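Secondary and tertiary structure notes
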Amino acid sequence: MTERTIKVADGLPRTADLVIVGGGIIGCASAFFAARAGLRVAVLERRAALGTLTTPASTGAFRLQFDNPEEIALVREAVELFDAFAERTGLDGWDLALRHGGYLFCSLTDETVERSRRLVERQRTWGLDDVELLTGDEARARWPWLSPDVRGARYRADDGWLDVKALTMGYATAASNADRIHGALPGGGATFLTHAEMTGVRTDADRVVAVETSRGPIATERVLVATGPFTAVTAALTGVALEIAPTRRQKLVVPELPLVPQDAPMTIHEESAAHWRPAMRGCLALYTEVATPPGEAADPVPISHEWAFGLLDPDSEHALARVAPFWRDAWNGGAPRMHWFLQAGQYEVTPDRRPYVGAIGPEGFFVNGGYSGHGVMAGAGGSRLAIELVTGAADPAANPFRPDRRFAQREHDIL
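Our subject in this report is the structure included herewith.

Conventions and cut-offs
Residues numbered from 1 in each chain as written. Predicted model: local features only at pLDDT ≥ 70, side-chain atom pairs only at ≥ 80, totals over all residues. Heavy atoms only, no water. 1 Å grid on protein atoms, 1.4 Å probe; cavity = no way out; pocket = protein on both sides within 12 Å on 5 of 7 lines; lining within 4 Å. Points joined across faces, edges and corners; volume = space filled by probe spheres on them. Helix = DSSP H or I, 4+ residues; strand = E, 2+ residues; numbered from the N terminus. Buried < 20%, exposed > 50% of the residue type's maximum accessible area, 1.4 Å probe, protein only. Contact = heavy atoms within 4.5 Å. Pairing = 2+ DSSP bridges. Axes fitted to C-alpha atoms, helices over the stretch in contact; angles between N-to-C directions. Salt bridge = Lys/Arg side-chain N within 4 Å of Asp/Glu carboxyl O. Polar contact = N/O pair within 3.5 Å; in protein donor to acceptor, adjacent residues only side chain to side chain.

1. Description of empty space enclosed by the protein
By the definition in use, this model includes one cavity of 30 Å³ or more. Estimates place the volume of the largest cavity at around 40 Å³. Lining the largest cavity, in full, are T267, I268, H269, A274, W276, H318, A319, L320 and V323. Residue contributions to the lining of the largest cavity peak at three residues, all from strand β14 (residues 266-269).

Set out below in structure tokens:
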């Protein structure tokens, strides 16, 4: 059985085949695929522990209901990995708390009903043929707690969620023990260094030769930046300019609320993108407000209780009660007695809300970031691609997520 320890080094390694900057879910996923490819990896995390900034603020959800085939393919790859995680990592019995609970997008206007119809038609041309279009009555027949104002819905039963910290630590544990993973090339493995921040990249003739850190240099010819909302800041240390808008997203955690049906899918108000899913015998709820102004990358990310009241107060234009009226009962039954708290992270939003994966700047410099809130669900496929680009196993010209691409406008996917 594979060891269950993560190699966290006290001292700095002198050399590495690849230095990964960032110990969140994307950095750990990248380390997993790099170790499987036989690379000696050093992962730098400036905080005291892995996966503690934006990663835990996620709902851990995944869906194939995207508006483009490239991201559908990334998420499909991830879900296949999630479903066989213990086997693929060699971590016998590793539990991701995986649940295919479904994603239900609820439309309250004819306009968004039509928009959903157009999207599902396009998805079918890309091979995603299990998204159901439902009338309001059909949706209420399955989920009687839905509002009579719901005019239509789209639903995919195989979408779902998992424990994002279990996934992150699973990636890191498997990366640390790559020599025992079935299918890993010999010699590979990852060492994680906390309280270690990249301060610069040393180059020679426009080629990476070392990474400078707060704890000293590491000689390497390849570095991969995976610092989430700090991706542009980190890349700028090498003179690389990336267009990323860190945008605060908050999560309302409401444990032990019996009114929440625990067999419910992820339920989304299509018009406002307010959404919730069952968790902790209550739920996790979010509102990805499109009008939220971007800001600077932040650590920590501040919270706002007024934001939470916007979800809970039934009179709010994006209230959870607009789609599920039991939330009105929760509010009227004594909101001050409801136990809840907030977490906050940042989406690292790119101009087309698709990730940056690949080489940019000096030779040997790579980025894996800009997932725009989709890092849990797209990060496995994106990280596998990133490492194949690092090792030369993938063709850079065929990469749809190359950082120097042209950006296209999108109609969907504001979540």
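2. Some words on helix α8 (residues 305-312)
Of the positions making up α8, those classed as buried are W307, A308, G310, L311 and L312. Next to the buried residues of α8 lie β13 (245-254), β15 (274-279), β16 (282-287), α9 (326-332) and β17 (341-349).

3. Examining the sheet that holds strand β8 (residues 189-194)
If you trace the six strands from one edge of the open sheet to the other, you get β8-β2-β1-β12-β19-β18, paired in mixed fashion. The two strands at the open ends of the sheet, each matched to only one other strand, are β8 and β18 (356-359). Taken over all neighbouring pairs, the strand axes of this sheet differ in orientation by 20° on average, direction set aside. When strand β1 (residues 18-21) meets strand β2 (residues 40-45), the two strands line up parallel, connected through four bridges. Residue pairing for β2: V19 is matched across the bridge by A42. On top of the sheet, helix α1 (residues 25-36) reaches β1, β2, β8, β12 (223-225) and β19 (365-369); it is set at about 150° to β8, its chief contact.

4. Structural notes on the sheet that holds strand β9 (residues 198-204)
The three strands lie next to each other as β9-β10-β11, forming an open sheet whose pairing is antiparallel. The two strands at the open ends of the sheet, each matched to only one other strand, are β9 and β11 (216-219). Geometrically, the sheet is characterised by an average inter-axis angle of 30° between neighbouring strands, direction not taken into account. Judged from the six bridges that link them, β9 and strand β10 (residues 207-213) form a sheet pairing that is antiparallel. Across the sheet, the residue bridging to R202 is A210, located in β10.

5. Re the pattern of salt bridges
Pairing of side chains with opposite charge becomes possible as their charged atoms draw close. By the definition in use, this model includes 22 salt bridges. Between E70 and R354 there is a salt bridge, with its nearest N and O atoms 3.3 Å apart. Of the two residues, E70 sits in helix α2 (residues 69-83) while R354 sits in the loop between β17 and β18, which places them 284 residues apart along the sequence. Between R156 and D159 there is a salt bridge; the shortest N-O distance is 2.7 Å. Each member of the pair, R156 as well as D159, is classed as buried. Through salt bridges that share partners, E70, D352, R354 and R405 make up one connected network.

6. What to know about unusual backbone geometry
Across residues other than glycine, the phi torsion is negative in most instances, and most of the peptide bonds are trans. Along the chain, D299 connects to P300 via a cis peptide bond; the corresponding omega equals 0°. One non-glycine residue, H195, lies in the positive phi region at around 55°. Note on placement: H195 falls in the loop between β8 and β9.

7. A closer look at the side chain of T227
As for its placement among the helices and strands, T227 is situated in the loop between β12 and α7 (231-236). Owing to a relative accessible area of 18%, T227 belongs among the buried residues under this scheme. A distance of 3.0 Å separates polar atoms of two side chains, one belonging to T227 and the other to T234. Apart from residues no more than four positions distant in its own chain, T227 is found in contact with V21, G22 and T234.

8. Observations regarding the pairing of β19
Summarising burial for β19: five of the five residues are buried, a large majority. Residues F365, V367 and G369 point to one face of β19 and F366 and N368 to the other, with burial holding for every one of them. Alignment of β12 against β19, held across three bridges, turns out to be parallel. Paired with V225 across the bridge in β19 is V367. Bridge analysis of β18 against β19 gives four bridges, and the strand direction is antiparallel. Looking at the pairing, Y356 lines up with G369 of β19. Two successive antiparallel strands, β18 and β19, enclose a turn made up of five residues, where G361 displays a positive phi of approximately 80°.

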